[in-house]
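# Descriptive analysis of the structure
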Amino acid sequence: MALRARALYDFRSENPGEISLREHEVLSLCSEQDIEGWLEGVNSHGDRGLFPASYVQVIRAPAAEPPAPAGGARYANLPPGGFEPLVPPAAFNPPVQQLPPPAAAEPFPLPPAFPPAPYSGSYQPSQGSDDDWDDDWDDTSTVADEPGVLGSSYPDYDAAGGGGPTSARYRLSTRSDLSLASRNSQQPGHPHHHPGGGAKSSATVSRNLNRFSTFVKSGGEAFVLGEASGFVKDGDKLCVVLGPWGPEWQENPYPFQCSIEDPTKQTKFKGMKSYIAYKLVPSHTGQQVHRRYKHFDWLYGRLAEKFPVISVPHLPEKQATGRFEEDFISKRRKGLAWWMDHMCSHPVLAQCDAFRHFLTCPSTDEKAWKQGKRKAEKDEMVGANFFLTISVPTGPAAALDLQEVESRVDGFKSFTKKMDESTMQLTHTANEFAREAYDAIGEFFAEQPRQDLDPVMDLLALYQGHLANFPDIIHVQKGALTKVKESKRHVEEGKMEVQKADGIQDRCNIISFATLAEIHHFHQIRVRDFKSQMQHFLEQQILFFQKVTQKLEEALHKYDSV
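Counting from 1, residues in each chain are numbered in the order their sequence is written. Restriction of local features to residues with pLDDT of at least 70 applies here, the model being predicted, together with a cutoff of 80 or more for giving and counting side-chain atom pairs; totals for whole chains, interfaces and linings are based on all residues. With hydrogens and water excluded, all non-hydrogen atoms of the structure serve as input to the side-chain values.

## Thoughts on helix H10 (residues 453-492)
- Only DSSP runs of H or I reaching four residues or more are called helices, and only runs of E reaching two or more are called strands; each is numbered from the N terminus. To estimate how far a helix should extend, the number of its residues minus one is multiplied by 1.5 Å. In a regular helix each residue adds 1.5 Å, so 40 residues correspond to 58 Å; H10 covers 58 Å between its end C-alpha atoms and thus fits that length.
- Its axis deflected by about 25 degrees at Phe470, H10 carries its strongest bend there, up to four residues before the proline Pro471.
- Where H10 terminates, the next one or two residues include Gly494, which has phi positive at roughly 75 degrees. Note that bend, as reported per residue, equals the angle between axes fitted to the 7 residues terminating at that residue and the 7 residues originating from it.

This is the structure:
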């Protein structure tokens, strides 16, 4: 007889992989073993998925064996690989990945049906009917191919590609012997040894129950809990330094700018397909390349996935109709120019391999573009592994006070919320002013917004994108702080080794350094942009009213001869 349970309360599913329950409903269970408070089963509608264990009561049946999961389904709110014990360090050999057989006492592994979604912050892949994006990326494009599925956050080692780390590539891991020992103790044949005696290693910092939170999806939780491991090349290291106001990203030693010019309409398939190509000229190479909007969109997606605590500027919005009209093309070019300025100004984004490939790969070399594109999509330093690439200051002067960090992040959270409200209000006001006031006065006034208001609107739109990124960035840092507080509580209760708690705090500090550095860069670039733009706005206003005054004077002088 199958293992069954009766629902005690109604439950409404909110995430993929969950199923809804009705009170008194009888369900079939795949296993009585719950996973972090969740059970897997099939409801009366035939839907299979997860639901809270506390919402059901198991119906005991004599000598009933639970059925093995058929066809397998791994849900996105479970960590990759289920909850099987971690492999001992010797098994992490780059040529071959060996996994030990799961112990009978362990929770049943859930085979894959819903692959874990890579972190992408607030980014959503572009959709719609804009012909700037099409489905022939691999077939006929001269510079790129179809965007692949975003790579996994964890490296897959090729059994045929031997070789260990070289002089320019070395392995970093946040897995400690303590955490491995405690996990291995759950496997047969691995006796549990307490390093310091007593029961101090019995407690672990719990995982978030919500596996869809930004903190989990970004890899921040896995990194803080010491589960990140990967090879880091020398060129991948990202340095945070201490500046006058605290942590900052290390400046790009070779700063550059990139202009976006001459948008031109081009065709293919003998004129059946049209698109707009933009000419990009990086200052450090002087070599022009041509890119379509879909290439910008691909780059944005890669960067948004790779950098969970960096605000990647949002692209100008797509448009389904009128995309070949001169006004729209001009406005999009200006929006892309703002976007490019913020990309080149960021110390980390400007040096990213994917961005360099985007700026330097010749437009006519399709093979080179595809090679660079696929290399970027197979980047292993994403998710939890991204934090391995961050190098932070050391020593007593670099020690972070957790309360001060939390206070600064909370202050910035409040600031971004107020700034977001202000930008939306100013956008609304500027729209009303431009449409009602200027249009009512006349054609002369109607032309003025292009000179003063439109640049302000473009800047506000760019910053709305930045402000939309920061809640996720702050959530990653706050999640790390929560794990530190939990580990300290375990130490105070005598349930965790101080060494293990210190490791969690050190990894939390890395996330804090990166977050504070990104906050500093945001403020720095914000002051620069709004100062420059308001100066430009006022200069254009002066010129505008000088023109108005000149017209009025011309009208006045006409009365001299009357």
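## Let's talk about the environment of Val205
- On the secondary structure map, Val205 appears in the loop between helix H1 (177-184) and helix H2 (214-217).
- Pairs of residues are marked as contacts when any of their non-hydrogen atoms sit within 4.5 Å. Other than its neighbours up to four places away in sequence, Val205 contacts Leu225, Lys483, Glu486, Ser487, His490, Met496 and Ile504.

## Looking at the packing of helix H5 (residues 326-345) against helix H6 (residues 353-360)
- It is at 12 Å that the axes of H5 and H6 come closest, and there the two elements cross at 130 degrees. With respect to each other, H5 and H6 are oriented oblique. When you trace H5 past H6, the crossing you get is left-handed. Contacts between H5 and H6 pair Met340, Met343 and Cys344 from the former with Phe355, Phe358 and Leu359 from the latter. Structural elements are reduced to axes, namely lines fitted to C-alpha atoms, with helices fitted over the stretch in contact, and the angle between N-to-C directions of any two is expressed from 0 to 180 degrees. By definition in this entry, angles of less than 35 degrees are roughly parallel, angles greater than 145 are roughly antiparallel, angles of 65 to 115 are roughly perpendicular, and the rest are oblique. By the definition used in this description, the sense in which the near helix is turned from the far one sets the handedness, with an anticlockwise turn below a right angle giving left-handed and a clockwise turn giving right-handed.

## Points about the side chain of Glu221
- The residue Glu221 is located in helix H3 (residues 220-224) in this model.
- Excluding residues within four positions of it along the chain, Glu221 makes contact with Arg207, Asn208, Arg211, Phe215, Val216 and Lys483.

## Structural notes on the confidence of the model for the chain
- Here the chain averages 75 in pLDDT, while 69% of its residues score no lower than 70.
- Every residue gets a pLDDT, meaning the predictor's confidence in that residue, from 0 to 100. Within the chain, H1 has the poorest average pLDDT of any element, 39, and H6 the best, 93.
- Scored below 50 in pLDDT, residues 68-167 shows 214 contacts in the model against residues more than four places distant or in partner chains.
- Confidence drops under a pLDDT of 50 for residues 176-199, and excluding neighbours within four residues, the segment shows 30 contacts in the predicted structure.

## Quick look at the pattern of salt bridges
- One speaks of a salt bridge when a side-chain nitrogen belonging to Lys or Arg is within 4 Å of a carboxyl oxygen belonging to Asp or Glu. Under the defined criterion, the tally for this structure stands at 16 salt bridges.
- Between Asp341 and Arg528 there is a salt bridge, with the nearest N and O atoms lying 2.5 Å from each other. Within this pair, whereas Asp341 is found in helix H5, its partner Arg528 is found in helix H11 (residues 498-557), the two being separated by 187 residues in sequence.
- Between Lys478 and Glu406 there is a salt bridge whose closest N-O contact spans 3.3 Å. You can see Lys478 sitting in helix H10 and its partner Glu406 sitting in helix H8 (residues 402-441), a full 72 residues away along the chain.
- Judged by relative accessible area, which is 25%, Lys478 ranks as partly exposed.
- Within this structure, Glu406, Asp410, Lys478 and Lys485 form a network of salt bridges that share partners. Here's how the labels work: a residue is buried when its accessible area is under 20% of the maximum for its type, exposed when over 50%, partly exposed in between, all with a 1.4 Å probe on protein chains only.

## Overview of the environment of Phe223
- Mapped onto the secondary structure, Phe223 falls in helix H3.
- As for Phe223 and Gly383, which are separated by 160 residues in sequence, their C-alpha atoms are 8.6 Å apart.

## Points about the packing of aromatic side chains
- For this analysis, a ring pair means two rings from Phe, Tyr or Trp (six-membered ring only for Trp) whose centres lie within 6.5 Å, classed as stacked if their planes differ by under 30 degrees, edge-to-face if by over 60, and tilted for the remaining angles. If you walk through the whole model with that rule in mind, you get 18 aromatic pairs.
- Their ring planes at 35 degrees and their centres at 5.3 Å tell us that Phe223 and Phe387 sit as a pair that is tilted. Of the two residues, Phe223 sits in helix H3 while Phe387 sits in the loop between helix H7 (366-377) and strand E13 (390-391), which places them 164 residues apart along the sequence.
- Assessed through its relative accessible area of 1%, Phe223 is described here as buried.
- With centroids separated by 6.2 Å and ring planes inclined at 25 degrees, the aromatic side chains of Phe412 and Phe415 adopt a geometry described as stacked. Highlighted residues: Phe412 and Phe415, both in helix H8, separated by three residues, approximately one helical turn.
- In this structure Phe415 comes out as partly exposed when scored by relative accessible area, which is 28%.
- In textbook terms, an aromatic cluster arises when at least three aromatic residues are bridged by ring pairs, as seen for Phe412, Phe415, Tyr463, Phe470, Phe522 and Phe530.
- Only Lys NZ and Arg CZ are tested; either one counts as a charge over a ring when it is within 6 Å of the ring centre and within 35 degrees of the ring normal. In this structure, Arg291 packs its charged tip against the face of Phe358, placed 5.6 Å from the ring centre.
- Looking at Arg292, its charged tip hangs above the ring of Tyr275, at a distance of 4.0 Å from the centre.

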